[in-house]
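# An overview of the molecular structure
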Amino acid sequence: AIERTLSIIKPDATKRNLTGKINAKFEDAGLRIIAQKRIQLTKDQAGEFYAVHKERPFYDELCEFMASAPVVAQVLEGEGAIAKNREVMGATNPADAEAGTIRAEFAESVGENSVHGSDAPDTAADEIAYFFSGLELVG
Ligand code: CMP
């Protein structure tokens, strides 16, 4: 099925000018970028987005990091987009990520891992709605 998923290019990647290289990986895999914006999150906004991780030991560090520089929020569309995006990103920890994936090529650590992607259809819908209105999704 054609799906939509929420992707975030994280501060470690925007700081190193990797937005274009990361977008090329998505497009080469057949994902269409149907919405995209560069924004500076506050720590509170990052905390709200990652609320599901509130009890994790890395939550505070994660929120600080996500507010440390601009991010690029985007919606990717395509056949099986949620799984395809996760394939292109590679494992959360770059040490475990397959060669050629975004995290293998660009990520610096499990925390500063260059990209976020939704993990399931229900979270994708919630995460897309957190950043974008329906009018901003131009498929
Ligand atoms: P992401 O897919 O954005 O979802 C939650 C994020 O928490 C994850 O990517 C990692 O960047 C981050 N994370 C997961 N485990 C750790 C960890 N052990 N230390 C720091 N950050 C982590």
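Below: a short report on this structure. Quick caveat, the model's predicted, so the values are computed rather than measured.

## Things to note about the layout of surface pockets
- In this structure, the largest pocket occupies an estimated 720 Å³ of space.
- Taken together, 28 residues make up the lining of the largest pocket; nearest its centre are K10, Y50, H53, L62 and H116.
- A breakdown of the residues in the lining of the largest pocket according to their chemical character gives 10 nonpolar, 9 polar and 9 charged.

## A few points about the site of the ligand
- Taken together, K10, Y50, H53, F58, E61, L62, T92, R103, V110, G111, N113 and H116 make up the full set of residues adjacent to the ligand.
- The side chain of Y50 places a nitrogen or oxygen atom 2.6 Å from an oxygen atom of the ligand.
- In the model, an oxygen atom of the ligand is placed 3.3 Å from a nitrogen or oxygen of the N113 side chain.
- In the complex, the protein chains occlude 78% of the 450 Å² of accessible area that the ligand would expose alone.
- At a threshold of 2 Å from the grid points, most atoms of the ligand map onto the largest pocket.
- When grouped by side-chain class, the residues that make up the shell around the ligand number 4 nonpolar, 5 polar and 3 charged.

Here is what the cut-offs are and how they apply
Residues numbered from 1 in each chain as written. Predicted model: local features only at pLDDT ≥ 70, side-chain atom pairs only at ≥ 80, totals over all residues. Heavy atoms only, no water. 1 Å grid on protein atoms, 1.4 Å probe; cavity = no way out; pocket = protein on both sides within 12 Å on 5 of 7 lines; lining within 4 Å. Points joined across faces, edges and corners; volume = space filled by probe spheres on them. Nonpolar A, V, L, I, M, F, W, Y, C, P; charged D, E, K, R; others polar. Near = heavy atom within 4 Å. Polar contact = N/O pair within 3.5 Å; in protein donor to acceptor, adjacent residues only side chain to side chain. Areas by Shrake-Rupley, 256 points an atom, 1.4 Å probe, with all protein chains shown as cover. Sits in = over half its atoms within 2 Å of the grid points.

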